[in-house]
Protein chains: 2
Amino acid sequence: MNQVESNHSRTAVCTEKKENTDKLSSKYNCPIEATLDLIGGKYKSIILWHLTNGTLRFNELSKVIPQATPKMLTQQLRELENDGLVNRVVYPVIPPKVEYSLTDFGKSIIPILDSMCTWGTRYLRDFKCD
Amino acid sequence: MNQVESNHSRTAVCTEKKENTDKLSSKYNCPIEATLDLIGGKYKSIILWHLTNGTLRFNELSKVIPQATPKMLTQQLRELENDGLVNRVVYPVIPPKVEYSLTDFGKSIIPILDSMCTWGTRYLRDFKCD
DNA sequence: CCGTATCCGCCCGGATACTG
DNA sequence: CAGTATCCGGGCGGATACGG
């Protein structure tokens, strides 16, 4: 049996359905690609992670992600909002106040963020902070 | 106390060291950024995941990641190799044979890949394959 | 304060052709 | 088979200025 085709029992769930829902599922050869479509954006997982501790306002996010320009931050936040991962609440006050938080769906990816954080922390400690 | 600065006890490990190793650590405001530097490339986590089941040859990777051109696949593999995540073994035979596999360091990120895969599978099942 | 609008450089990444 | 070489277009993303 061919090694390439026999690999990855973990994709079985999706590949089995490939015949039924060709248009949607044929897009991905593995579930990770679907995940990346949602959180693969340049600042998305960083944004999400900063929101795991609670609600943040726009310029609070700006401060903890200084490398992201307002344009980029807005763009990524809008995509996250459209994909149902974050809530955007506008308070009609002056000066304006907008709060971002994780939806329940957004909270479901916390395990991914945690594993990335855990690994990154260890990596920085063992290889970069000597 | 300021909300922004008081957030994220999980980054404490790194932020504490910021004064000591300014050049290296000041690059990141959170560990996730370090992780993304290594596996944030366009096809990197997909490549790594396909290698979790064992060694694969170049054109086996091509088949499971058809959207990646040979150029892109090579580039991403070289970066993964330079970062110590994958092994590249060249067999001096004709026709050529090159095998890619995870290093021990590369295997250490499997938890991340697993969580991404688990989440992606559930997402596809619950929202895309109806 | 929270964005949008506009301009624009750059490089990511695809297509194609070619080699050891 | 496992890549390189070359060209090139599109869009990512930065800088700046402005608006509600």
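All values reported here derive from a predicted model rather than from experimental measurement.

A.B. asks: Where do I start with the protein's contact with DNA strand D in this structure?
C.D. replies: Close contacts around DNA strand D come from 18 residues, with Y43 and K71 of chain A together with R57, R88 and Y100 of chain B the closest. Across the atoms of DNA strand D situated within 4 Å of the protein, the share located in sugar and phosphate is 70%. Between DNA strand D and K71 of chain A there is a distance of 2.2 Å, counted from a base oxygen to a side-chain nitrogen or oxygen. Measuring from a sugar or linking oxygen of DNA strand D, one finds a backbone N or O atom of P96 of chain B at 3.1 Å. The set of elements that each furnish at least two residues to the surface near DNA strand D consists of helix 7 (70-82) of chain A together with helix 6 (58-64), helix 7 (70-82) and strand 3 (97-102) of chain B. A class-by-class count of the residues in the surface near DNA strand D yields eight nonpolar, three polar and seven charged.

A.B. asks: Where do I start with the sheet that holds strand 2 (residues 86-91) of chain B in this structure?
C.D. replies: The strands making up a sheet are joined through hydrogen bonds of the backbone, oriented either antiparallel or parallel. All names here are of chain B. One open sheet holds the three strands; their spatial order is 1-3-2, and the pairing between them is antiparallel. At either end of the open sheet lies a strand with only one pairing partner, and these are strand 1 (56-57) and strand 2. Of the pairings in the sheet, the one linking strand 2 to strand 3 comprises six bridges and is antiparallel in character. The partner of N87 across the bridge, within strand 3, is S101. Helix-sheet contacts for helix 5 (residues 44-51) involve strand 1, strand 2 and strand 3, and the interaxial angle to strand 3 is about 95°. Packing against the sheet, helix 7 makes contact with strand 2 and strand 3, and its axis sits at approximately 115° to strand 2.

A.B. asks: When you look at the side chain of Q76 of chain A in this model, what are you seeing that I'm missing?
C.D. replies: All names here are of chain A. As for its placement among the helices and strands, Q76 is situated in helix 7. Only 3.2 Å separates the side chain of Q76 from the backbone nitrogen of Y43, close enough to count as a polar contact. Setting aside residues up to four positions removed in sequence, Q76 forms contacts with G41, K42, Y43, K44 and I47.

A.B. asks: Quick question: what am I supposed to make of the pattern of salt bridges here?
C.D. replies: Pairing of side chains with opposite charge becomes possible as their charged atoms draw close. All names here are of chain A. The tally for this structure, following the rule as stated, stands at six salt bridges over all chains. The salt bridge involving K44 is made with E79; its shortest N-O contact spans 2.7 Å. Here K44 is found in helix 5 (residues 44-51), whereas its partner E79 is found in helix 7, with 35 residues between them in sequence. When the shortest N-O distance is used, the salt bridge between K97 and E99 registers 3.9 Å.

A.B. asks: What's the story with the packing of helix 5 of chain A against helix 7 of chain A in this structure? I'm lost.
C.D. replies: When two helices pack together, you describe them by how their axes are tilted relative to each other and by the distance separating the axes. Residue and element names in this part refer to chain A. Packing of helix 5 against helix 7 brings their axes to within 10 Å, and their N-to-C directions diverge by 75°. Comparing their axes, helix 7 and helix 5 come out roughly perpendicular. Note on element contacts: helix 7 touches helix 5 through L73, Q76, L77, E79 and L80, opposite K44, I47 and L48. Classifying every residue of the contact of helix 5 with helix 7 by side-chain character gives five nonpolar, one polar and two charged.

About the cut-offs
- Residues numbered from 1 in each chain as written.
- Chains lettered and ligands numbered in written order.
- Predicted model: local features only at pLDDT ≥ 70, side-chain atom pairs only at ≥ 80, totals over all residues.
- Heavy atoms only, no water.
- Near = heavy atom within 4 Å.
- Polar contact = N/O pair within 3.5 Å; in protein donor to acceptor, adjacent residues only side chain to side chain.
- Helix = DSSP H or I, 4+ residues; strand = E, 2+ residues; numbered from the N terminus.
- Nonpolar A, V, L, I, M, F, W, Y, C, P; charged D, E, K, R; others polar.
- Pairing = 2+ DSSP bridges.
- Contact = heavy atoms within 4.5 Å.
- Axes fitted to C-alpha atoms, helices over the stretch in contact; angles between N-to-C directions.
- Salt bridge = Lys/Arg side-chain N within 4 Å of Asp/Glu carboxyl O.
- Parallel < 35°, antiparallel > 145°, perpendicular 65-115°, else oblique.

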